[in-house]
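Examining the three-dimensional arrangement
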Amino acid sequence: LNYQENNRDKILANTDIARLIQEYVPLKRTGTNFRANCPFHKEKTPSFFVSPAKQIFHCFGCGAGGTIIEFYQRINGLTYFEAIKGLSEKYGIPITFNDKYETGEKEELYSINSSALEFYKSELKKNRNAYKYFLERSLSDDTIVLFGLGYALDSWNSLKYELNRKGYKDEKLIESGLIIRKETGETYDRFRNRVIFPILDITGKPIAFGGRVINGDSDFKYINSPETPIYHKGGMLYGLNLSKKYITEADKVYILEGYMDLITCYQFGIKNVAATLGTALTPAQIKLLSRFTKNIVMVYDGDAAGVSAMWRSMEKLLEQDIFPEIYVIEDDMDPAEILLLKGSEYFLKKLSKPLSFFEFGLKKLRAEHNANSLAGKKKIISEMINLFRHIKDIVSISELTKRLSENLNVDFDALFLEVKKQIKLSKSEIGNRENEDAETISSNNFVLKDGFSELEMKILKLLIDNGNPEIIEKFKSTIVVSDLTEPLNLIFGAIFETGNSSPGFLLDYFANEKEIQTLITSLAVDSPNQNGLPEYMPENTDTVTNDYINQYNIKMGKADSNETFQKIKSIVMNDGECDPILIQKHLENKRNLKQVAVN
Ligand SMILES: [Zn+2]
């Protein structure tokens, strides 16, 4: 672990996050921060902030956030290790790169996953109920074996005991994501009483698992392994290890949403498939697919979530010069159900008539707006132009504009002029936002909205801004971690345990906890003057610390009242003074005396 931390620290100490981000999006200074339109989601008003002081970015629109490493990782679709490597090369930062060490680290995670896979498979054979789940969905024995399907026992520790018995230590099991550690130190199996879908990388090595409840009595129908050094969700596609040769053969791939859809298609002979596991396609996934084919057919649910994921995938594909086709399932069934009820011939016939992305987009927009009214037409045109923005070559844009003008019955020349104007504008629009009111975004509301105690959030921000071991120690002897609610108990627990409260460190500590990371980065870029939290300067940190400790004690009932009241009480009791004006005088004298004593 030392090796990872050292490299992380080296990268963080020798790079400038603002300089890197500037290469991707133009940044504009606002107070102590920079802001821009978020490169990770579509927006018109910039809610993406970069703090050069804390070397952190955070988007109040989509929650993306982190250090330069997380930015580089995400924008390029890399794994954590690839991002470290890439940045070290880019900026010539020598990292103590140790191939053996890294390979060893990863190899152990692969072998833990292989052992877990075997265990889950053997449990499936013993558990009639779980096996029935697959049989009821018409999966054959061969298919169950081919996809390595398994079962996690209804037990808190059976996998942990099995893997401990094989010699794997808890620390490593936690890193693999198969075991979770509670703040009390106890550990338990992540997957319990679920059928298991192993997630294999393109070479067939197990890198993660998905689990589905059998009885349907959980809020979380599906759960997945968290991101680990060997599992980067946005970088892989489910089923590709088996389907890649069929994709190359057919020179076409059907992108599906889930495990069961993919497995059922495969069993029914539709083998040129891959599944995204419920998210929009990432640039990394698209690059991976492009190695096998450029002909991509998205097979998606017609529900709102499905359509919105598809729209985002479409934009990403267009950016990579791929014009996708789309097949929206309208039968209110998923592909697995259609195959079981109507057979593969029926489904293949349906799949053979997908819409082009252009037709799909227009159909969707025509359903939303009245194309016969001028206002409706304008809306459709502006949304279509938004889609065209993602296309790189002007010839294609001109061709599509022609089709759009015919479809909506508007003059081509006028429309093309508008398209060119809009697209040009979009590329420089961030620079044109000089006059925009910087106060329009109340980005900071995010921080206090979630029902957390304001005082504890202020303390956390103080620690993130200016935490040093001395201050951390002061709060440690004041705050009882078990009095806090989640996730504050986890965050304060980590800070008190390690004596470190820098955002770069905390992001690494909570590497698998997206929500905590978002909270930390949002606090780190939170700026004053926008009804946010106060700004903490090194010179006022001590005063503020003492003030917060008093407030916290009062809140927890550890102090009867505030300091002044205690003083007044002592004046009344000891000096026998009752006149308010004289009490005021006494107070001032005491303050002066105290000041003299300090000096
Ligand atoms: Zn964003």
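Because the structure is a prediction, the values reported are computed rather than measured. (Residues numbered from 1 in each chain as written. Predicted model: local features only at pLDDT ≥ 70, side-chain atom pairs only at ≥ 80, totals over all residues. Heavy atoms only, no water.)

As for the overall build of the protein
The secondary structure content of the protein amounts to 27 helices and 16 strands. The contacts of the protein with a sequence gap of at least 6 include a subset with a gap of at least 24, amounting to 63%. Just so you have it, the protein exposes about 29500 Å², and 50% of that area is on carbon and sulfur atoms. (Helix = DSSP H or I, 4+ residues; strand = E, 2+ residues; numbered from the N terminus. Contact = heavy atoms within 4.5 Å. Areas by Shrake-Rupley, 256 points an atom, 1.4 Å probe, with all protein chains shown as cover.)

A short note on helix H25 (residues 541-555)
Relative to the 21 Å expected for 15 residues at 1.5 Å per residue, H25 spans 20 Å between its end C-alpha atoms, a close match to the ideal helical length. Every buried residue of H25 is listed here: Thr541, Val544, Thr545, Tyr548, Ile549, Tyr552 and Asn553. On its buried face, H25 is in contact with helix H20 (454-466) and helix H21 (469-476). (Expected span 1.5 Å × (residues − 1). Buried < 20%, exposed > 50% of the residue type's maximum accessible area, 1.4 Å probe, protein only.)

Structural notes on empty space enclosed by the protein
Counted according to the given criterion, the structure contains three cavities of 30 Å³ or more. Of the pockets and cavities examined, the largest cavity occupies roughly 50 Å³. As for the largest cavity, its lining consists of Leu146, Phe147, Pro198, Leu200, Tyr238, Gly239, Asn241 and Leu242. Only strand S9 (194-200) and helix H10 (240-250) provide two or more residues apiece to the lining of the largest cavity. Across the lining of the largest cavity, the residue classes break down as six nonpolar, two polar and no charged. (1 Å grid on protein atoms, 1.4 Å probe; cavity = no way out; pocket = protein on both sides within 12 Å on 5 of 7 lines; lining within 4 Å. Points joined across faces, edges and corners; volume = space filled by probe spheres on them. Nonpolar A, V, L, I, M, F, W, Y, C, P; charged D, E, K, R; others polar.)

A word on the coordination of the zinc ion
Of the protein atoms, only Cys38 (SG), His41 (ND1), Cys59 (SG) and Cys62 (SG) coordinate the zinc ion, at distances of 2.1 to 2.3 Å. Coordination at the zinc ion comes from four donor atoms whose angles at the metal span 103 to 119 degrees, giving a geometry best classed as tetrahedral. Donor residues for the zinc ion, ordered by position in the chain, follow C-x2-H-x17-C-x2-C. (Donors = N, O, S within 2.8 Å, 3.2 Å for Na, K, Ca; no water. Tetrahedral: all angles 85-135°; square planar, octahedral: opposite > 155°, others 65-115°.)

As for the pattern of salt bridges
Tallying each qualifying case throughout the model produces 16 salt bridges. In this structure, Arg181 engages Glu171 in a salt bridge whose closest nitrogen and oxygen atoms are separated by 2.8 Å. One end of the pair, Arg181, is in strand S7 (residues 179-181); the other, Glu171, is in helix H9 (residues 170-176), and ten residues separate them in sequence. In this structure Glu171 comes out as exposed when scored by relative accessible area, which is 51%. (Salt bridge = Lys/Arg side-chain N within 4 Å of Asp/Glu carboxyl O.)

Let's talk about the sheet that holds strand S10 (residues 206-213)
Spatial ordering of the open sheet is given by S6-S9-S10-S11, a layout of four strands whose pairing is antiparallel. Sheet topology places strand S6 (150-152) and strand S11 (222-224) at the edges, where each strand pairs with a single neighbour. Taking the axes of each pair of neighbouring strands and ignoring which way they run, one obtains an average angle of 35 degrees across the sheet. Along the sheet, helix H6 (residues 128-136) makes contact with S6, S9 and S10, crossing S9 at roughly 65 degrees. Lying over the sheet, helix H11 (residues 259-267) contacts S9, S10 and S11, oriented at roughly 75 degrees with respect to S9. (Pairing = 2+ DSSP bridges. Axes fitted to C-alpha atoms, helices over the stretch in contact; angles between N-to-C directions.)

Here we look at the environment of Ile296
Of note, Ile296 is situated in strand S14 (residues 296-301). Distance in space between the C-alpha atoms of Ile296 and Asp251 is 9.0 Å, their sequence separation being 45 residues. Those residues in contact with Ile296 that lie beyond four places of it in its chain are Val253, Ile255, Leu289, Leu317, Ile322, Pro324 and Glu325.

So, the confidence of the model for the protein
Per-residue pLDDT for the protein averages 84, and the proportion of residues at 70 or more is 84%. Below a pLDDT of 50 lies the segment residues 428-451, which in the model reaches 44 contacts outside its immediate sequence neighbourhood of four places, other chains included. This model gives residues 592-599 a pLDDT under 50, and the stretch forms two contacts once residues within four places in sequence are excluded. (pLDDT = per-residue confidence, 0-100.)

So, H11
Within H11, eight of the nine residues are buried, which leaves the element mostly enclosed by the surrounding structure. Within the sequence span of H11, burial applies to Tyr259, Met260, Asp261, Leu262, Ile263, Thr264, Cys265 and Tyr266.

Notes on the pairing of strand S2 (residues 33-36)
Neither face of S2 is left uncovered, since the one carrying Asn33 and Arg35 and the one carrying Phe34 and Ala36 both have all their residues buried. As judged from the three bridges shared by strand S1 (residues 28-30) and S2, these two strands associate in the antiparallel manner. If you follow Thr30 over to S2, its bridge partner there is Asn33. Turn length for the S1-S2 hairpin, with the two strands adjacent in sequence and antiparallel, is two residues, and the turn residue Gly31 shows positive phi of about 65 degrees.

Looking at the sheet that holds S2
One open sheet accounts for five strands, arranged S1-S2-S3-S4-S5; its pairing is antiparallel. Edge positions in the sheet fall to S1 and strand S5 (65-66), since each of these pairs with one other strand and no more. Where helix H24 (residues 514-525) meets the sheet, it contacts S2, strand S3 (48-51), strand S4 (56-59) and S5, and its direction lies at approximately 105 degrees from that of S4.

Looking at unusual backbone geometry
Residue Pro487 is bonded to the preceding Glu486 through a cis peptide linkage, with omega at 0 degrees. Mapped onto the secondary structure, Pro487 falls in the loop between H21 and helix H22 (488-498). Positive phi is not limited to glycine here, since Ser138 has a value of about 60 degrees. Considering the arrangement of structural elements, one finds Ser138 in the loop between H6 and helix H7 (141-146).

Thoughts on the packing of aromatic side chains
As enumerated under the stated definition, the model contains 25 aromatic pairs in all. Ring centres of Phe134 and Phe197 lie 5.9 Å apart, and the angle between their planes is 90 degrees; this geometry places the pair in the edge-to-face category. Note that Phe134 is positioned in helix H6 and Phe197 in strand S9, a separation of 63 residues in sequence. The exposure class assigned to Phe197 is buried, which follows from its relative accessible area of 0%. Ring geometry for Tyr222 and Tyr259: centres 5.7 Å apart, planes at 35 degrees, overall tilted. One end of the pair, Tyr222, is in strand S11; the other, Tyr259, is in helix H11, with 37 residues separating them in the sequence. In this structure Tyr222 comes out as partly exposed when scored by relative accessible area, which is 33%. Tyr259 sits in the buried class, given a relative accessible area of 4%. Taking the ring centre of Trp156 as reference, the NZ or CZ of Arg192 above it sits at 4.1 Å. (Phe/Tyr/Trp six-rings, centres within 6.5 Å; stacked < 30°, edge-to-face > 60°. Lys NZ or Arg CZ within 6 Å of the ring centre and 35° of its normal.)

Quick notes on the nonpolar core
Counting 45 residues, the largest nonpolar core has Met298 and Phe388 as the members making the most contacts within it. Considering each element in turn, this core owes the most residues, seven residues, to helix H13 (residues 304-319). The residues touching Phe388, leaving out its near neighbours within four places in the chain, are Phe358, Ile397, Leu400, Thr401, Leu404, Val419 and Ile423. Listed in part, the 42 residues of the second largest apolar core include Phe134, Ile230, Leu256 and Ala275. (Core = buried A, V, L, I, M, F, W, Y, C linked by side-chain atoms within 4.5 Å.)

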